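The primary structure of each chain is shown beneath.
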Amino acid sequence: MNSVSICLIVKNEEKVLARCLNSLGDLADELVVVDTGSSDSTVEIAKLYTDKVYNFEWQDDFAKARNFAFDKATKNYIMWLDADDVIADDDRKKLNNLKKELNQDIDMVVCRYNLLFDEKKNVTFYSTRERIFRRNYGYKWCGVVHEVIPIEGKVLYRDDIAINHMTEHKDYKQSNQRNIAIYEKTIKQQKELDSRTIFYYARELHDGGRYIESVHYLNMFLDRDDGWVEDKINACMLLAKIYRDKFCDNSNAIRYALKTMSYSVLRVETCCFLGYLYKNNKDFLQAVDWFDLALHLPKKNEKGFVNMDYYEYIPNIELSVCFDKLGNRDLAKFYNEKAGVIKPYSTAYLHNKKYFDSI
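Quick notes on the rules
- Residues numbered from 1 in each chain as written.
- Predicted model: local features only at pLDDT ≥ 70, side-chain atom pairs only at ≥ 80, totals over all residues.
- Heavy atoms only, no water.
- Buried < 20%, exposed > 50% of the residue type's maximum accessible area, 1.4 Å probe, protein only.
- Helix = DSSP H or I, 4+ residues; strand = E, 2+ residues; numbered from the N terminus.
- Pairing = 2+ DSSP bridges.
- Right-handed = clockwise from strand over helix to strand, strands pointing away.
- Polar contact = N/O pair within 3.5 Å; in protein donor to acceptor, adjacent residues only side chain to side chain.
- Contact = heavy atoms within 4.5 Å.
- Axes fitted to C-alpha atoms, helices over the stretch in contact; angles between N-to-C directions.
- Parallel < 35°, antiparallel > 145°, perpendicular 65-115°, else oblique.
- Left-handed = near helix turned anticlockwise from the far one by under 90°.
- Nonpolar A, V, L, I, M, F, W, Y, C, P; charged D, E, K, R; others polar.
- Core = buried A, V, L, I, M, F, W, Y, C linked by side-chain atoms within 4.5 Å.

Observations concerning the pairing of strand S1 (residues 4-10)
Next, step 1: In terms of burial, S1 is a largely internal element, seven of the seven residues being buried.
Next, step 2: The side-chain alternation of S1 yields two buried faces, one formed by Val-4, Ile-6, Leu-8 and Val-10 and the other by Ser-5, Cys-7 and Ile-9.
Next, step 3: The sheet contact formed by S1 and strand S4 (residues 77-81) spans five bridges and is parallel. Among the inter-strand pairings, Ser-5 is bridged to a residue of S4, identified as Ile-78.
Next, step 4: The sheet contact formed by S1 and strand S2 (residues 30-35) spans six bridges and is parallel. Considered in S2, the bridge of Ser-5 is made with Glu-30.
Next, step 5: Each parallel crossover has a hand, and the one from S1 via helix H1 (residues 17-22) to S2 is right-handed.

Take a look at the structure:
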C-alpha cells in the first residue's frame with residue numbers, strides 16, 4: 001500500500017493544532033511539522049505527535065516554507081494541511097481507502113476544501129484544492145502569499161473527499177497587514193508580479209480598505225490574457241461590490257457583474273448580486289427577476305469556488321421578502337416555506353414565519 005507524508009507549516013497554533021492532528025487518526029505514515037517562529041506552545045504540542053518537527057527561519061514567503069516541509073517528506077505521496085484543518089471520520093476513511101487505490105500513474109489528487117459553515121455546521125462555501133502529490137514528481141509551491149501548486153501531471157479529482165477548514169482564532173486584520181507587507185516588499189524588490197499574485201494582492205488591498213488601489217490592480221489582472229477563469233469572475237464580482245458598496249456607483253457595479261458572462265456562463269452569484277442591488281434600491285420587480293433566475297440556473301461543474309446558499313436558500317428567502325414588499329403575501333409565504341425546507345433552523349426563515357403567522 002502507498003505511504004503518505006502529511007506536512008504542515010505552523011506558527012502560534014496552540015489553540016487548534018491538537019484538534020487537527022487528532023483528526024488524522026492512522027492516516028499519516030509520516031508527519032512533518034515545520035514551525036516558522038512560534039512564541040506559544042505550538043512546538044511542544046507538535047512533538048507529542050511526531051519527532052519530525054523542524055524550525056524554519058521565516059523569510060516572508062509561504063511557498064518557501066511549504067517547500068521546506070515537502071523536502072523533509074520521505075513517503076510515496078505528500079499531503080498538505082493547515083493547522084486549523086480538520087478531517088472528519090468519513091473523509092479519513094475515504095483517504096485511507098484512496099491510499100490503497102493510488103498507483104504511480106496518479107501524480108496529483110484534487111479534493112474538496114470546505115471553507116465556510118452555517119450555524120448548524122453545514123457547509124455553505126467550498127473550493128477544490130490540490131491536496132496530495134506523488135513525491136517523485138517534484139512538485140513545488142509558488143507564491144509568496146496564497147501559495148499554490150500548479151495543477152499538472154495526471155490528476156485525480158475526488159470531490160467526494162473533503163477537508164474542513166475550521167478557522168476559529170485568526171486575527172484577520174493582522175494577517176491582512178502581514179500579507180500586504182509581503183506583497184509590497186516583493187514589488188519594491190522589483191520582482192515582476194504574475195497574474196495570480198496581482199489578483200490576490202488586489203484582494204488583500206480590498207480587505208485592508210484600500211479600495212482605489214484594489215480597483216487598479218483588479219483591472220490590471222483583468223487586462224492580462226492569462227489567469228484562471230474563476231479568478232477572472234471573482235475579480236469582476238469584487239469590482240462590482242466595490243462600486244456598489246464603497247463608491248455608490250450602481251452603473252459600474254452592474255457593468256462588472258455582467259462582465260462575468262464574458263468568461264463563462266451566467267452564475268448564481270451574479271444573479272443574487274444583481275437581485276440585492278435592485279432590492280436595496282427598492283426596485284423589487286427587477287430584484288424578483290434576478291433572484292428567480294438564480295433558482296433556475298443549473299449547478300456549475302467547474303473546478304473552483306461554490307457558494308451553496310446562492311443556489312436555493314438565498315433566492316427563496318429573498319423572493320419572500322420582495323413579494324411581501326410587492327404586496328403578494330401568498331407568494332411571499334410560498335418562497336419562505338421553500339427556504340424553510342432547505343434550512344428550517346434559519347433565523348431569517350423563522351423570523352419571516354413568525355411575521356406571516358401574525359398577519
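Some points on the side chain of Arg-134
Next, step 1: For Arg-134, the location among the structural elements is in strand S7 (residues 123-134).
Next, step 2: A distance of 2.7 Å separates a polar atom in the side chain of Arg-134 from a polar atom in the side chain of Asp-107.
Next, step 3: In this structure, Arg-134 is in contact with Asn-76, Tyr-77, Gln-104, Ile-106, Asp-107 and Tyr-139, ignoring residues within four places of it in sequence.

Notes on the packing of helix H12 (residues 313-325) against helix H13 (residues 329-342)
Next, step 1: As a packed pair, H12 and H13 sit with axes 7 Å apart at the nearest point and diverge in direction by 160 degrees. Between H12 and H13, the interaxial angle falls into the category roughly antiparallel. Judged by the sense of rotation from one axis to the other, the crossing of H12 with H13 is left-handed. The segment H12 lies against H13, with Tyr-313, Asn-316, Ile-317, Leu-319, Ser-320, Phe-323 and Asp-324 engaging Arg-329, Leu-331, Ala-332, Tyr-335, Asn-336, Lys-338, Ala-339 and Ile-342.
Next, step 2: Across the contact of H12 with H13, the residue classes tally to nine nonpolar, three polar and three charged.

Quick notes on the nonpolar core
Note that soluble globular proteins tend to have their nonpolar side chains buried in a common cluster.
Next, step 1: Membership of the largest hydrophobic core comes to 109 residues, with the highest contact counts inside it found for Ile-6, Leu-8, Met-79, Leu-81 and Leu-95.
Next, step 2: When residues of this core are assigned to their parent elements, the largest contribution, eight residues, is made by helix H8 (residues 229-245).
Next, step 3: Residues in contact with Leu-81, not counting those within four places in the same chain, are Ile-6, Cys-7, Leu-8, Cys-20, Leu-24, Arg-66, Ile-87, Arg-131 and Ile-163.

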